[in-house]
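Geometric and topological summary
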Amino acid sequence: MREFDEPSRAAGPGVVADGPAGAPTVLVIDPAGEAVHNEIPATWRPLTEHLRIVWLRVPAAPGWKSTVDTVLTRHRDDTTTVLDVVSSGPIAADVIELVAAHSDLVRSVLLVDPEVAVDVPFAHVIHHTNDTPAPLPLGHPDVVQGVLTALELHRTT
């Protein structure tokens, strides 16, 4: 299992963002703390042509729950921006709880290899199919593809 509490993961910005303002927003809540160099992971950058990606690095944001609450609250009066949340593994239950308090703002929660059973209508599980130990890093290409597939399904329903 990967160690999420490495000191190097706590360095760098707590939140990084890229993509056009007003575009559909994907809030990534990353327990592993990728994006240490003030940029979202390279695998996600092509998505920023059409999506706003807000990447919250949990190890670098000790008050990450209040940060999530703040980010979601900022969308309170924005009825045009679609908001999806992506997270994984060890914090899945916390993310579901946080989003439930803002369920009117969030279209979906996409959980990659969650460590809890997921039984809420707004949450969808993305399981990886390769041999990499779970949970996959959120910057992994398989995760990006799973997120794109799930977002496409939501767009057509």
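Provided above is the structure to which this section pertains.
The structure contained in this document is the topic of the report that follows. All residue numbers refer to positions counted from 1 along the written sequence of the respective chain. The model is predicted, so local features are restricted to residues of pLDDT at least 70 and side-chain atom pairs to those at 80 or more, both for listing and for counting; the totals for chains, interfaces and linings are taken over all residues. The side-chain figures draw on all heavy atoms in the structure; neither hydrogens nor water molecules are used.

1. Description of the pattern of salt bridges
Throughout this description, the term salt bridge denotes a Lys or Arg side-chain nitrogen within 4 Å of a carboxyl oxygen of Asp or Glu. All told, the structure shown has four salt bridges when counted by the stated rule. Close ionic contact of arginine 45 with glutamate 39 constitutes a salt bridge, the shortest N to O distance being 3.4 Å. Partly exposed describes any residue whose relative accessible area lies between the buried limit of under 20% and the exposed limit of over 50%, with all areas from a 1.4 Å probe on protein chains only and scaled to the type maximum. Overall, glutamate 39 belongs to the partly exposed group, its relative accessible area being 45%. In this structure, aspartate 84 and arginine 107 form a salt bridge, with 2.7 Å as the shortest nitrogen-oxygen distance. With a gap of 23 residues between them, aspartate 84 in strand E4 (residues 83-88) and arginine 107 in the loop between helix H3 (92-100) and strand E5 (108-112) connect regions that are remote in the sequence. In this structure arginine 107 comes out as partly exposed when scored by relative accessible area, which is 32%. The numbering of helices and of strands both runs from the N terminus, where a helix is a DSSP run of H or I of at least 4 residues and a strand a run of E of at least 2.

2. A closer look at the layout of surface pockets
Buriedness for pockets is judged along seven lines, at least five of which must meet protein on both sides within 12 Å for an open set on the 1 Å grid over protein atoms alone, while cavities are sets there where a 1.4 Å probe fits but cannot get out, and lining residues have an atom within 4 Å of a point. Grid points are joined across faces, edges and corners, and a volume is the space filled by probe spheres set on the points. Approximately 190 Å³ is the volume found for the second largest pocket. In terms of lining residues, the second largest pocket is bounded by Val15, Gly22, Ala23, Thr25, Arg52, Val54, Val71, Arg74, His75, Asp78 and Thr81. At the level of elements, strand E3 (52-57) and helix H2 (64-74) are the ones that each hand at least two residues to the lining of the second largest pocket. Three residue categories are used. Nonpolar comprises Ala, Val, Leu, Ile, Met, Phe, Trp, Tyr, Cys and Pro, charged comprises Asp, Glu, Lys and Arg, and polar comprises the others, including Gly. Among the residues forming the lining of the second largest pocket, the class breakdown is four nonpolar, four polar and three charged.

3. Examining the nonpolar core
In this text, buried Ala, Val, Leu, Ile, Met, Phe, Trp, Tyr and Cys residues form a nonpolar core when linked through side-chain atoms within 4.5 Å. Among the nonpolar cores identified, the biggest contains 24 residues, and Leu27, Ile29, Trp64 and Val109 are the most heavily contacted of them. When residues of this core are traced back to their parent elements, those giving at least two are strand E2 (25-30), E3, H2, E4, H3 and E5. Broken down by element, this core gets its largest block of residues, five residues, from H3. Those residues within four positions of valine 109 in sequence are excluded, and the remaining contacts are Val85, Val95, Val99, Phe122, Ala123 and His124. Counting 21 residues, the second-largest nonpolar core is a separate cluster that includes Ile40, Leu51, Trp55 and Val143. Two residues form a contact once any of their heavy atoms are found within 4.5 Å.

4. A few points about the sheet that holds strand E1 (residues 15-18)
In space, the six strands of this open sheet follow the order E1-E3-E2-E4-E5-E6, with mixed pairing throughout. Whereas interior strands pair on both sides, the edge strands pair on one side only; in this sheet they are E1 and strand E6 (123-126). Within the sheet, the average angular offset between the axes of one strand and its neighbour, ignoring direction, is 20°. The pairing of E4 with E5 spans five bridges and is parallel. Looking at the pairing, valine 85 lines up with valine 109 of E5. Only C-alpha atoms enter the line fits that serve as axes; for helices the fit covers just the stretch in contact. Angles between N-to-C directions range over 0 to 180 degrees. Across the sheet, H2 lies against E1, E2, E3 and E4, angled at about 175° from E2, the strand it touches most. Each pair of strands is called paired provided DSSP finds at least two bridges between the two strands.

Nothing here speaks to function; it is all geometry.
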